[in-house]
Structure formats: C-alpha cells, structure tokens
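# Working through the structure, step by step
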Amino acid sequence: MFARPAPPSAPPVELTPPADGLSGHPAVDAAIRSMTNAAELSPADQIAEYEAAYRTLRETLATIDQA
C-alpha cells in the first residue's frame, strides 16, 4: 500500500484579542465584565457571579449552534 501525501497546511493565523478584552457580542461582553468585577467580591459572591456568567456563555453558545 502507498501512503497518501499529507495535505498542504494552511499558514498559521495570528489572532489578536481586542485591546479592551471584549468580544463584540453583547451577552459575552456582559459575562466578561461580570467575571472581571467579581474579583472585588467576597468568595461566596464570586461563585454566584461565575455561575451566572457560565450560564450566559453556555446559552449564547447554544444559540450560535442553532443558527
């Protein structure tokens, strides 16, 4: 048997995050801000903020999959 030649690889793409750290998607940006602000809260309150951000991100990704 003969081995197939490897397909040509595409050049790497460099991704540069925005300087403000936001994504441009309102729900995702709100979750990012919420997680950033949570650093100033007590640990118990941080957990609630992180869980809310996780739910928002999960729901947002689910709607992207449906599009």
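Note: the structure precedes this text.
In short, a report on the structure.

Rules of the game
- Residues numbered from 1 in each chain as written.
- Predicted model: local features only at pLDDT ≥ 70, side-chain atom pairs only at ≥ 80, totals over all residues.
- Heavy atoms only, no water.
- Helix = DSSP H or I, 4+ residues; strand = E, 2+ residues; numbered from the N terminus.
- Buried < 20%, exposed > 50% of the residue type's maximum accessible area, 1.4 Å probe, protein only.
- Areas by Shrake-Rupley, 256 points an atom, 1.4 Å probe, with all protein chains shown as cover.
- Lys, Arg positive; Asp, Glu negative; His and termini not counted.
- Salt bridge = Lys/Arg side-chain N within 4 Å of Asp/Glu carboxyl O.
- Contact = heavy atoms within 4.5 Å.
- Expected span 1.5 Å × (residues − 1).

## Describing the overall build of the protein chain
From N to C terminus, the protein chain includes two helices and zero strands. Across the 67 residues in the protein chain, those meeting the buried criterion constitute 13%. For the protein chain, the accessible surface area stands at approximately 5900 Å², while carbon and sulfur atoms represent 62% of it.

## A closer look at the side chain of Asp29
Checked against the element boundaries, Asp29 lands in helix H1 (residues 26-38). Buried and unpaired, Asp29 has no salt bridge, with Arg33 as the nearest side chain of opposite charge at 4.9 Å. Those residues within four positions of Asp29 in sequence are excluded, and the remaining contacts are Leu22, Ser23 and Gly24.

## Details of H1
End to end, H1 covers 18 Å across 13 residues, agreeing with the expected 18 Å (1.5 Å per residue, within 8%). When H1 is considered as a whole, its buried residues turn out to be Val28, Asp29, Ala31, Ser34 and Ala38.

By themselves these figures say nothing about function.
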